[in-house]
Amino acid sequence: MIKIPYLAALTTLFSYGLLFVFGQLRDFFRKIFDYWSHSKLQGYAPICLGLEDFYIRRLYLRIQDCFNRPISSPPDAWFDVVERISNDNNKTLKRTTKVSRNFPQAPAVLGLMEALQPCIPNWRSVWRIFVGKPAAVVFGMGYVTNSAILPVLIGKGGLIISDSLNHKSIINGARGSGATVRVFQHNTPYHLEKVLREQIAEGQPRTHRPWKKIIVVVEGIYSMEGELCKLPEIVAICKKSKAYVYLDEAHSVGAVGKTGRGVCELLGVDTADVDIMMGTFTKSFGSCGGYIAGSKELIKYLKYTCPAHVYATSISPPAAQQIISSIKVILGEDGSSRGAQKLARIRENCNFFRSELQKMGFEVLGDNDSPVMPIMLYNPSKIPAFSRECLKQNVAVVTVAFPATPLLLARARICISAAHTKEDLIKALEVISRVGDLIGIKYFPAEPKKQQLEETRVKFE
Amino acid sequence: MANLYVQAMQPTDLNRNTEWFTYPGVWTTYILILFFSWLVVLSVFGCSPGMAWTIVHLSHFAVTYQFFHWKKGTPFAEDQGVYNRLTWWEQIDNGKQLTRNRKFLLVVPVVLYLIASHTTDYQHPMLFLNTLAVFILVVAKFPHMHKVRIFGINADQ
């Protein structure tokens, strides 16, 4: 449920309409000009069919300098962003040799990108202990984990029910599996139950035979909303209907929960109730790759059938060792309490940042304790405005627009890391507040500062 | 006005091309755009209100026919061309007929036609052009016309 100010909705729709109309006009004139100029490629089929690349050419390329900024230092609390210039109105960007030191708001969650040591074998056992499942298998890439596992787990005659805001890798895997895909309203267990009952009653599409298998796919923390999944209710519903639960913990493993074990620990769900747990090592462990954890039979089956395991190379040794070292730090097995400190600090940081942003009047999505904080922008013109203004003041923000988010709900996504100190956060808050005033994204009324003084006076007494 | 908020449920439409139509404020924006374009036409051409409504009606016909019933597919490549044979009208609401959105989009050209013909006092040739426009639009939006290509017009190769 998002609360949109009505005027913002109207103006956003109007701006998108205007951008669309301008894009169509430019395409029309481009077609006329190209008709007169000779094309050297006679008889070749066009690369793009019809309208396919319209969004990229006419909308995305105009603000291309706000996305995919290259960095030239390891991810940490502060890093160097390479500056780019464009001579042809953002159609192409050229890297310059200048770098600017920026304070990033991007996913490097636990700040564990330090020390790589020589590789040690047998580390999957360490992982099993961490996640709490009998067996696990690891892949070299997180996206591939989802898109290669779902086709192996389920095929034609099966049913996949996925949350409406699931990540593209899940959608890709679900489409590639050949099973019927149904979508339930984001994080609404009541609607999931309705869809499940309807589908079980109807059966397979034309034959109406019972489904061979039903898998419900949810994510731990939704990357674009920062919301935690309502896991206890969803697991209860799936148990009742005998459907399997597939939990994607890309953002939540290592970051939430008292010892960092993910959303199951935070919400008190027994890991034996979740049939397949998937996650990635890119966010919290500072490495790359993905894993699947489940029962011994499941993992044995996957090892024999999944093409991402059978035909691909294994995860590289430095990445593996980075993961082992990170787990040891999180669990506290390396002797220091760095892990526990970092977990406590990330919780403090994200709760502090979120409450401050909300007090200033920004519309911030997500639950408490979640390190992902999207600030709603809505208007397509505010995306480059926010991004460029913040970059000028040395804060690099990640803005997300269509198609990663729904068309109208463009946002700036902020991820808090344990490597950020309180001073850094306060500085970032000031910059964001100033830019927010300039752009006009404080959609909610700000809480007056007087309230804060009264609170501290009461505490003192 | 700035303090008016609406709650928006996340839509369950997987097709990003049509999902924006389920958000609040779309119908109001559509009607407001039509009204403001009438004002613009009146101020630019300086014609009678009836002529202005006729111009708005006919250009609305041209624009909506082109984008709803002629152009097929989606303006981005992420959906791997699943909708390449469907026009926008056939894509909305996942192909379900007679939903609230479809009924609204059917009513708008008819209301425009009534306003245009009333304000021009039912004179020819405006009446003929308006009637032709609304006839084409309404027939194109019938549930029976879903995925029908008459005489192979706009069919794929």
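Residue positions are given per chain, counting from 1 as you read along its sequence in written order. Here chains are named by letter from A upward and ligands by number from 1 upward, in the order in which they appear as written. Where totals are concerned, whole chains, interfaces and linings use all residues; where local detail is concerned, this predicted model gives features only for residues with pLDDT of at least 70, and gives and counts side-chain atom pairs only at 80 or more. Side-chain numbers come from the whole structure's heavy atoms, not from hydrogens or water.

An unreviewed UniProt entry lists chain B under the name ORMDL family protein, from Abeliophyllum distichum. UniProt positions are given in the numbering used here, feature names are shortened, and annotations may be inferred rather than shown by experiment. What the UniProt record of chain B gives under Subcellular location (unreviewed entry) is the line "Membrane".

Per an unreviewed UniProt entry, chain A goes by the name serine C-palmitoyltransferase and belongs to Abeliophyllum distichum. Recorded in UniProt under Cofactor (unreviewed entry), the annotation for chain A is "pyridoxal 5'-phosphate". Under the heading Catalytic activity (unreviewed entry), UniProt records this for chain A: "L-serine + hexadecanoyl-CoA + H(+) = 3-oxosphinganine + CO2 + CoA".

Here we look at the overall build of chain B
Counting from the N terminus, the helices are DSSP H or I runs at least four residues long and the strands are E runs at least two residues long. Within chain B, the secondary structure is distributed over five helices and one strand. The order of α-helices and β-strands along chain B, N terminus first, is β-α-α-α-α-α. Each principal axis of the C-alpha distribution contributes one length, and for chain B these read about 50 × 50 × 25 Å. A simple rule labels every residue: compare its accessible area, found with a 1.4 Å probe on the protein chains alone, to the largest value its type can have, and call it buried under 20%, exposed over 50%, or partly exposed in between. Considering chain B as a whole, with its 157 residues, one finds that 42% of them fall into the buried category. The Shrake-Rupley method, run with a 1.4 Å probe sphere, supplies the accessible areas, and residue values consider only the shown protein chains as cover. Of the roughly 8700 Å² that chain B leaves accessible, carbon and sulfur atoms contribute 69%. A gap of 5 Å separates the mean positions of the 11 positive and 8 negative side-chain charges of chain B. A residue counts as positive if it is Lys or Arg and as negative if it is Asp or Glu; His and the chain ends are not included. By convention, the point assigned to a charge is CZ for Arg, NZ for Lys, CD for Glu and CG for Asp.

Thoughts on a positive patch on the surface
Residues and elements named next belong to chain A. On the surface, a cluster of positive charge is made up of Lys156, Arg206, Arg209 and Lys212. Considering the arrangement of structural elements, one finds Arg206 in the loop between α6 (189-202) and β7 (214-219). Note on Arg206: relative accessible area 79%, which makes it exposed. A patch consists of residues whose relative accessible area exceeds 30% and which take part in no salt bridge; residues with like charges are grouped when within 9 Å of each other, and nonpolar side chains (Val, Leu, Ile, Met, Phe, Trp, Tyr) when within 5 Å. Each reported salt bridge corresponds to a side-chain nitrogen of Lys or Arg within 4 Å of a carboxyl oxygen of Asp or Glu.

As for the UniProt feature "transmembrane region" (unreviewed entry) in chain B
Using the residue numbers shown here, the UniProt feature "transmembrane region" (unreviewed entry) corresponds to residues 20-45, 104-120 and 126-143 of chain B. Regarding residues 126-143 of chain B, the helix share stands at 83% and the strand share at 0%, and the terminal C-alpha atoms are separated by 29 Å.

Focus: a nonpolar patch on the surface
On the surface, a nonpolar cluster with roughly 1300 Å² of combined accessible area is contributed by Phe14, Leu18, Val21, Phe22, Leu25, Phe28, Phe29, Ile32, Phe33, Tyr35 and Trp36 of chain A together with Ile33 of chain B. Considering every element that reaches the nonpolar patch, the biggest residue donor is helix α1 (residues 6-36) of chain A, with 11 residues. Position of Phe22 of chain A relative to the elements: it lies in helix α1.

Here's the deal with the pattern of salt bridges
All names here are of chain A. Within this structure, the stated rule accounts for 12 salt bridges over all chains. The closest approach of N and O atoms between Asp53 and Arg57, which form a salt bridge, is 3.2 Å. Residue Asp53 is classed as partly exposed on the basis of its relative accessible area of 21%. Since its relative accessible area comes to 31%, Arg57 is described here as partly exposed. The network of salt bridges with shared partners includes Asp27, Asp53, Arg57 and Arg58.

Some thoughts on the interface of chain B and chain A
In what follows, residue pairs with any heavy atoms lying within 4.5 Å of each other are defined as contacts. Facing the 32 residues of chain B at the interface are 43 residues of chain A. When two parts are put together, the accessible area they lose, computed with a 1.4 Å probe and summed over both, is reported as buried area. Buried area between chain B and chain A, both sides added, is near 3500 Å², and the carbon and sulfur share of it is 68%. Remark: the boundary between chain B and chain A carries zero salt bridges. N or O atoms closer than or at 3.5 Å make up a polar contact, with two conditions inside protein: a donor-capable atom paired with an acceptor-capable one, and, for residues adjacent in sequence, both atoms drawn from side chains. In this assembly, chain B and chain A are joined by four residue pairs in polar contact (both at pLDDT 80 or more). When residues of the side of chain B that touches chain A are traced back to their parent elements, those giving at least two are β1 (5-8) and α1 (26-45) of chain B.

What about the UniProt feature "transmembrane region" (unreviewed entry) in chain A?
In this structure's numbering, the residues bearing the UniProt feature "transmembrane region" (unreviewed entry) are residues 6-25 of chain A. Along residues 6-25 of chain A, the helical share is 100% and the strand share 0%, with 29 Å between the first and last C-alpha atoms.

Quick word on the sheet that holds strand β8 (residues 244-248) of chain A
Residue and element names in this part refer to chain A. Two strands qualify as a pair provided that DSSP identifies no fewer than 2 bridges between them. Overall, mixed pairing links the seven strands, which are arranged β4-β10-β9-β8-β7-β5-β6 in an open sheet. Of all the strands in the sheet, the pair left with one neighbour each is β4 (135-139) and β6 (180-184). Recorded for the sheet is a direction-independent mean angle of 20 degrees between the axes of neighbouring strands. Inspection of the sheet shows β8 paired to strand β9 (residues 276-280) by three bridges, in the parallel sense. Axes, fitted as lines to C-alpha atoms, cover a helix only where it is in contact. Angles between the N-to-C directions of the axes lie from 0 to 180 degrees.

Here we look at unusual backbone geometry
Omega for the peptide link from His124 of chain B to Pro125 of chain B comes to 0 degrees, which places this bond in the cis form. The topology assignment puts Pro125 of chain B in the loop between α4 (100-119) and α5 (126-140). The phi torsion at Asp369 of chain A lies on the positive side, around 80 degrees, for a residue other than glycine. Among the secondary structure elements, Asp369 of chain A is positioned in the loop between α12 (338-360) and β11 (372-376).

So, the side chain of Arg413 of chain A
Residues and elements named next belong to chain A. Within the fold, Arg413 resides in strand β13 (residues 411-415). Despite its burial, Arg413 pairs with no opposite charge, the nearest such side chain being Glu219 at 8.4 Å. One polar contact links the side chain of Arg413 to the main-chain carbonyl oxygen of Ser223, over a distance of 3.1 Å.

Some thoughts on empty space enclosed by the protein
Gaps between atoms show up when a probe of the same size as a water molecule is rolled over them. Residues and elements named next belong to chain A. The rule is simple: put a 1 Å grid over the protein atoms alone, call a set of points where a 1.4 Å probe fits but cannot get out a cavity, call an open set with protein on both sides within 12 Å along at least five of seven lines a pocket, and count a residue as lining if it has an atom within 4 Å of a point. Grid points are joined across faces, edges and corners, and a volume is the space filled by probe spheres set on the points. For the structure on display, the rule yields one cavity of 30 Å³ or more. Lining the largest cavity are Ala255, Val256, Gly257, Leu266, Leu343, Ile346, Arg347, Cys350, Asp369 and Pro371. Per-element accounting of the lining of the largest cavity gives the leading share, four residues, to α12. Under the scheme applied here, ten amino acids are nonpolar (Ala, Val, Leu, Ile, Met, Phe, Trp, Tyr, Cys and Pro), four are charged (Asp, Glu, Lys and Arg), and all others, including Gly, are polar. Class assignment of the residues belonging to the lining of the largest cavity gives a composition of seven nonpolar, one polar and two charged. For the purposes of this description, domain bounds are those given by an automatic or database domain assignment. Shared between two domains, the lining of the largest cavity takes at least three residues from each, and those domains are domain 1 (6-27 + 48-102 + 342-460) and domain 2 (123-331).

Brief notes about α12 of chain A
Under the convention used throughout, the expected extent of a helix is 1.5 Å for every residue step, that is, one less than its residue count. In a regular helix each residue adds 1.5 Å, so 23 residues correspond to 33 Å; α12 of chain A covers 32 Å between its end C-alpha atoms and thus fits that length. Looking one or two places after α12 of chain A, you find Gly361 of chain A, whose phi comes out positive at around 105 degrees.

Some thoughts on the pairing of β4 of chain A
Most of β4 of chain A sits inside the fold, with five of its five residues counted as buried. Covered by surrounding structure in β4 of chain A are Ala135, Val137 and Phe139 of chain A together with Ala136 and Val138 of chain A, the residues of both alternating faces.

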